Amino acid sequence: MNGPPVRNMLNAILDHQTTSVVMVDEDLRVQYLNPAAEFLLAASFERARGERLGALLRDSDAFIGELSGALRRSQGYTRRQLKLVTAAQHQRLTVDLTVTPLSDWEAPALLLELLPLDQVLRVHRETQQQRVQETTRELVRGLAHEIKNPLGGLRGAAQLLDRALAAPELSEYTQIIIEEADRLRSLVDRMLGPNKTPQAQPTNIHRLLERARQLTQAEHGEGLRFLRDYDPSLPELSCDPDQLMQALLNIVQNAAEALEHTERPTITLRTRALRQASIGQQRHRLVLRIDIFDNGPGVPAALSDQLFYPMVSGRAEGTGLGLSIAQTIVGRHGGIIECDSHPGDTRFTLSLPLEQPHDG
Ligand SMILES: Nc1ncnc2c1ncn2[C@@H]1O[C@H](COP(=O)(O)OP(=O)(O)OP(=O)(O)O)[C@@H](O)[C@H]1O
Ligand SMILES: [Mg+2]
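Scoring rules and cut-offs
Residues numbered from 1 in each chain as written. Chains lettered and ligands numbered in written order. Predicted model: local features only at pLDDT ≥ 70, side-chain atom pairs only at ≥ 80, totals over all residues. Near = placed C-beta within 6 Å. Helix = DSSP H or I, 4+ residues; strand = E, 2+ residues; numbered from the N terminus. Buried ≥ 20, exposed ≤ 12 C-beta atoms within 10 Å, placed from the backbone. Pairing = 2+ DSSP bridges. Contact = placed C-beta atoms within 7 Å. Axes fitted to C-alpha atoms, helices over the stretch in contact; angles between N-to-C directions. Expected span 1.5 Å × (residues − 1).

A. The arrangement of the site of ligand 1 in detail. Around ligand 1, 23 residues are found, and the nearest of them are A258, S313, G314, G318 and G322. Looking at the shell around ligand 1, the elements with two or more residues in it are helix 8 (241–258) and helix 9 (322–332). Element by element, the count of residues in the shell around ligand 1 is highest for helix 8, at four residues.

B. The arrangement of the pairing of strand 1 (residues 20–25) in detail. Only one face of strand 1 is buried: it carries S20, V22 and V24, and the other face, with V21, M23 and D25, is open. With six bridges connecting them, strand 1 and strand 6 (residues 109–116) associate as antiparallel partners. Across the sheet, S20 pairs through a bridge with L114, a residue of strand 6. In this sheet, strand 2 (residues 30–33) lies alongside strand 1 in antiparallel orientation, the contact comprising three bridges. The residue bridging V22 from the neighbouring strand is L33, located in strand 2.

C. Geometry of the sheet that holds strand 3 (residues 57–58). The antiparallel open sheet is built from six strands, whose spatial order is 2-1-6-5-4-3. Because the sheet does not close on itself, it has two edges, and the strands there are strand 2 and strand 3. Sheet topology note: the strand 4 (residues 77–86)/strand 5 (residues 92–101) ladder contains seven bridges and is antiparallel. Its bridge partner lying in strand 5, Y77 is registered against V99. Strands in contact with helix 4 (residues 61–73) are strand 3, strand 4, strand 5 and strand 6; relative to strand 5, the strand with the most contacts, it is inclined by about 10°.

D. A look at helix 8. Relative to the 26 Å expected for 18 residues at 1.5 Å per residue, helix 8 spans 25 Å between its end C-alpha atoms, a close match to the ideal helical length. Along helix 8, the residues that are buried comprise Q243, L244, A247, L248, N250, I251, V252, N254, A255, A256 and A258. In this structure, the buried residues of helix 8 make contact with helix 7 (205–220), strand 9 (237–239), strand 10 (266–279), strand 11 (282–294), helix 9 and strand 13 (345–353).

E. Main features of the environment of N204. The residue N204 is located in the loop between strand 7 (201–203) and helix 7 in this model. Put simply, N204 and P241 are 37 residues apart on the chain and 8.8 Å apart in space, counted from C-alpha to C-alpha.

Printed below as a string of structure tokens:
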């Protein structure tokens with residue numbers, strides 16, 4: 001038969017599978033991870049090879065016990081909605097698991113297939129979120145238009161009045177009108193987000209993250225600790241660097257502000273490239289993922305559903321625009337921002353396509 005050798009074909013299939021495939025030997029040491037499993041467990045095959053599977057997960061005694069039992073009895077099983085936490089990045093996972101003993105392999109071994117359910121839930125959530133974003137944006141645009149027009153008239157009239165005033169001391173009041181009109185105008189402009197269409201150019205995302213880190217560090221002092229976990233092999237991202245910088249800075253600064261009363265305040269910046277990942281309902285060959293973690297108190301529960309709406313703030317001095325602007329910018333680049341927040345562990349995740357979207 002012609003065509004590629006079966007072995008290459010099998011590799012290609014395993015490489016592109018969205019189900020995570022793990023093989024462990026009789027000591028439950030990792031023998032194989034496909035790329036989906038590497039991503040799911042936040043571990044590279046190269047490093048995890050020969051490691052105990054238990055070491056890749058937190059609080060996994062019960063799960064490991066079940067696997068040992070399956071191995072001993074040489075009997076497979078399935079678990080629905082199994083909850084796991086990765087050791088590397090404390091990622092909470094919900095998976096459907098199928099365990100199969102490899103009876104015809106040279107030595108006792110188990111094949112694990114993990115289907116991440118979070119992804120299914122995520123797609124649903126993201127699609128909904130994108131819809132809400134669009135509605136909000138429409139609303140803000142309409143409102144801004146309605147405010148800006150009369151505001152222009154108001155300001156113009158105050159200027160005319162100012163010039164016609166007989167008593168100069170009264171101009172203090174016309175000045176107030178003019179200044180307040182200007183303040184309102186700039187508020188509305190900020191609500192609308194950047195008004196330029198993004199000027200895309202190949203951009204090193206780490207350069208932007210480093211800049212955001214330096215600016216935030218300068219503002220909040222050396223007490224604020226930054227950890228960096230960058231994937232050095234990331235390709236450049238085609239984006240508007242100024243706008244994306246703004247989005248990153250808004251998120252990093254929120255984290256810094258949230259950490260004001262935290263002991264050992266720490267922000268972690270992490271980058272990864274994901275193969276075959278989806279943003280909303282769109283699948284992409286390659287997706288850039290940026291995680292910004294902080295160990296602060298977490299997003300106030302009352303805000304969590306409206307976090308990305310404009311004018312939603314939990315801070316006395318906040319305008320509540322930072323995240324809404326960031327979401328608009330990332331949305332214009334075909335991406336999305338999500339938040340997963342627990343006390344002591346808050347994560348904002350940006351997902352951006354590194355390649356043109358394609359179907360399938
Ligand atoms: N990392 C975080 N930890 C805890 N709460 C957060 C975090 N990031 C955002 N928040 C909450 O979300 C709210 C909205 O954030 P957003 O950046 O949109 O507005 P803001 O920071 O209040 O004002 P500004 O317009 O100045 O950015 C914040 O006020 C804060 O309550
Ligand atoms: Mg903010």
